[in-house]
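Now for the letters of each chain:
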Amino acid sequence: MMNQAEIDRYKALMEWEAGRKGPPEGFPDLPDMPAARYTSSEFYALEQERVFRKSWLFAGHIDEIPERGCYMRWHNAGDPIMIVHGIDGEVRAFYNTCRHRGAPVVTEDRGRSPRLICGYHHWTYKTDGTLVGVPQRQDFPADFDMSCRGLLPVRCEMLGNLIFVNFDEDAASLLDYLGPVADEWEEFQFDKLRLAARHSFDLKCNWKVAMEANMEVYHVPFIHPETVAPLVDAHRNVNTLYPQGHGRMLAPAPKDFDRENVRAIEHPPEWQTIETVGEFGRTATQSYTIFPNWVAPISNYFVPPLIFWPTSLDTCRLELITMAPDWGEGPAPDLWTVPDESQPNGRAMADLIQEDTQFGEAIQQSMESQGFKSVPLSYQESRIYHFHQHLDRVIGLNAIPAELRVEQVIGDEWKYPNDPRVAQMEREAKEPATAAE
């Protein structure tokens, strides 16, 4: 949780952002980004191979595998995975691939069993992945070593009740990957949040097109005039750029607008709040981007991530997830979707999400035309440029054709914990007093 000095500093920065006449002193001009980053099959292949295979990815919640022996299938990042709540209490991930002839070991989305048994030839594994059963063992060579033929693991770590996976065996730990964000998130008690809702929707646009609609407030007055704009003062928004491509948007409510009390009125009284959440989580829009595909406006009522999964060059899947404190015996809260029996899963995207996704398909079609040359971004959209810089570094600058790269112009001096805006703000605050003297 932020201490009072940090809260006061960000409040001052909000007012400074509202009054500035241009970007901060020394902030680099952001070069146009190549248009083909959204339409190139070569760039898409690099993303699949080097980004989604080497980053920590949100996979699930412990409520989906609540008891020992429970398992779930997961295949949002290509390779079929199963996540298992072991008999020993550990949560692990494995490739859902039998070590015999490659058949899937589990064939249901969810289940529970003290053993994982491949249906093809009944090779049997413990929930820790150990191979313990091979029918007609006598027909295999005498030196056939079962101990080295267990299920192949995938890196799996937890943040409270949240489950993350990473295909890279050499990746840094999840906590190191999150860096200072993990410390800031302690106030939200991820270890006590329940999974309230999880639904997915297919969109006809590149995954970055869909995700970037949630990474800036430049669009808020125009796309969300009735939903978000009354709650967010876009002019006083403060962006923070973190290592590893993560970012945060901190936008207060308009002046003379009691966001905390309005939230309490809007939400049913049986919905619990996270009592340890600090001032900004109660009174402002505080949205985090976690590289590569997580965006979540976190408050004292919800941790509701939007997860963007590429399914092809010009399509993606949007997962809408709501996690919240225990709501008791009442209906589970769902921030992002509404009932709709005409839809396959009985849910439809809420108005707010439809506003953000309404232009996705048209934007993608426009991007694929000869009229789309490049992407100029403003200072207010710096989180997007920062994201793309890190995207290229993860892929490897030398692996990207020159015509597809973004220039690495935002240096570490603009990334947390550094912030040249603070020095400029403090200097400008002193200048009137100096002039008066």
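Everything discussed here concerns the structure shown above.
Residues numbered from 1 in each chain as written. Predicted model: local features only at pLDDT ≥ 70, side-chain atom pairs only at ≥ 80, totals over all residues. Heavy atoms only, no water.

1. Focus on the overall build of the protein chain
Assigned secondary structure in the protein chain consists of twelve helices and 21 strands. What you see for the protein chain is a C-alpha radius of gyration of 24 Å, in line with the 22 Å of a compact globule of 437 residues. In terms of its C-alpha atoms, the protein chain occupies a principal-axis envelope of roughly 95 × 55 × 45 Å. Within the protein chain, the fraction of its 437 residues that count as buried is 52%. Pairs at least 24 residues apart make up 66% of the contacts formed inside the protein chain by residues separated by at least 6 positions. Accessible surface, the protein chain: about 20,000 Å² in total, of which carbon and sulfur atoms supply 50%. Counting 41 positive and 67 negative side-chain charges, the protein chain places the averaged centre of each group 5 Å from the other. (Helix = DSSP H or I, 4+ residues; strand = E, 2+ residues; numbered from the N terminus. Rg over C-alpha atoms; globule rule 2.2 N^0.38 Å. Buried < 20%, exposed > 50% of the residue type's maximum accessible area, 1.4 Å probe, protein only. Contact = heavy atoms within 4.5 Å. Areas by Shrake-Rupley, 256 points an atom, 1.4 Å probe, with all protein chains shown as cover. Lys, Arg positive; Asp, Glu negative; His and termini not counted. Charge placed at Lys NZ, Arg CZ, Asp CG, Glu CD.)

2. Some points on the sheet that holds strand β8 (residues 124-126)
Taking strand neighbours across the sheet as the criterion, the three strands line up as β7-β8-β9 in an open arrangement whose pairing is antiparallel. Every other strand in the sheet has two partners, leaving β7 (115-117) and β9 (131-133) as the edge strands with one partner each. With strand direction ignored, the average angle separating the axes of adjacent strands in the sheet is 40°. (Pairing = 2+ DSSP bridges. Axes fitted to C-alpha atoms, helices over the stretch in contact; angles between N-to-C directions.)

3. Description of helix α1 (residues 4-19)
Its 16 residues give α1 an end-to-end C-alpha distance of 23 Å, which sits within 8% of 22 Å, the value for a rise of 1.5 Å per residue. Residues Ile7, Tyr10, Leu13, Met14, Trp16 and Glu17 constitute the buried set of α1. One side-chain oxygen of the residue at the start of α1 lies 3.1 Å from the amide nitrogen of Ala5, identifying that residue as Asn3. (Expected span 1.5 Å × (residues − 1). Polar contact = N/O pair within 3.5 Å; in protein donor to acceptor, adjacent residues only side chain to side chain.)

4. Some words on the packing of aromatic side chains
A full pass over the atoms with the stated rule returns 20 aromatic pairs. Arranged with centres 5.1 Å apart and planes meeting at 80°, the rings of Phe27 and Trp414 form a pair that is edge-to-face. Of this pair, Phe27 sits in the loop between α1 and β1 (33-34) while Trp414 sits in the loop between α11 (382-395) and α12 (420-436), and the two are 387 residues apart along the sequence. In this structure, Phe27 and Trp414 share a single accessibility class: buried. Between Trp74 and Trp309, the ring centres sit 5.6 Å apart and the planes meet at 75°, which makes this aromatic pair edge-to-face. With Trp74 in strand β3 (residues 70-74) and Trp309 in strand β17 (residues 306-312), this pair connects stretches of sequence that are 235 residues apart. An aromatic cluster of at least three residues, connected via ring pairs, comprises Phe52, Trp74, Trp207, Phe291, Trp309 and Phe387. Across from the ring centre of Phe167, 4.0 Å away, lies the NZ or CZ of Arg53, which sits over that ring. Above the ring of Tyr10, the side-chain terminus of Arg248 is found at 4.7 Å from the ring centroid. (Phe/Tyr/Trp six-rings, centres within 6.5 Å; stacked < 30°, edge-to-face > 60°. Lys NZ or Arg CZ within 6 Å of the ring centre and 35° of its normal.)

5. A look at the state of the cysteines
In this structure the tally under the stated criterion is zero disulfides. Its sulfur unpaired, Cys148 is 14 Å from the next cysteine sulfur, which belongs to Cys98. The thiol of Cys205 is not disulfide-bonded; the next cysteine sulfur, from Cys316, is found 4.3 Å away. (Disulfide = S-S within 2.5 Å.)

6. Quick notes on the pattern of salt bridges
Oppositely charged side chains can form a pair if their charged atoms are brought close together. Counted by the stated rule, this structure contains 23 salt bridges. A salt bridge links Arg427 to Glu25, with the nearest nitrogen and oxygen atoms 2.5 Å apart. Of this pair, Arg427 sits in helix α12 while Glu25 sits in the loop between α1 and β1, and the two are 402 residues apart along the sequence. Arg427 sits in the partly exposed class, given a relative accessible area of 35%. Relative accessible area serves as the criterion here: at 48%, Glu25 is assigned to the partly exposed category. Residues Arg347 and Asp334 are paired through a salt bridge, measuring 3.1 Å at the closest nitrogen-oxygen approach. (Salt bridge = Lys/Arg side-chain N within 4 Å of Asp/Glu carboxyl O.)

7. Remarks on the pairing of strand β16 (residues 294-297)
Strand direction decides the pairing type here: strand β15 (residues 284-290) and β16, joined by four bridges, are antiparallel. From the neighbouring strand, Tyr288 faces β16, where its bridge partner is Ala296. Of the pairings in the sheet, the one linking β16 to β17 comprises two bridges and is antiparallel in character. Opposite Trp294, over in β17, you have Ile307 as the bridge partner.

8. What about helix α10 (residues 360-367)?
Within α10, burial applies to Gly360, Gln364 and Met367. When α10 is viewed along its axis, its buried side chains cluster within an angular range of 65° and face the same direction. Buried-residue contacts for α10 involve α5 (207-212) and α9 (351-357). (Arc of directions from axis to C-beta.)

9. Thoughts on unusual backbone geometry
Going from Phe291 to Pro292, the amide bond is cis rather than trans, its omega being 10°. Here Pro292 shows up in the loop between β15 and β16. The backbone of Gln189 sits at a positive phi, close to 50°, despite the residue not being glycine.

10. Digging into the side chain of Glu355
Looking at the secondary structure, you find Glu355 in helix α9. Beyond its immediate chain neighbours, meaning those up to four positions away, Glu355 contacts Ile223, His224 and Thr227.

11. Re the pairing of strand β4 (residues 81-85)
β4 sits mainly inside the fold: five of its five residues count as buried. In sequence, β4 turns back onto strand β5 (residues 91-95) through a hairpin of five residues, with Gly89 there showing a positive phi of about 95°.

12. Digging into the sheet that holds β16
If you trace the seven strands from one edge of the open sheet to the other, you get β12-β18-β17-β16-β15-β14-β13, paired in antiparallel fashion. Two strands lie at the open edges of the sheet, namely β12 (194-203) and β13 (238-241), each paired on one side alone. When the angles between neighbouring strand axes are averaged without regard to direction, this sheet yields 15°. Across four bridges, the pairing between β13 and strand β14 (residues 247-252) is antiparallel. Bridge assignment links Thr240 to a residue of β14, and that residue is Arg248.

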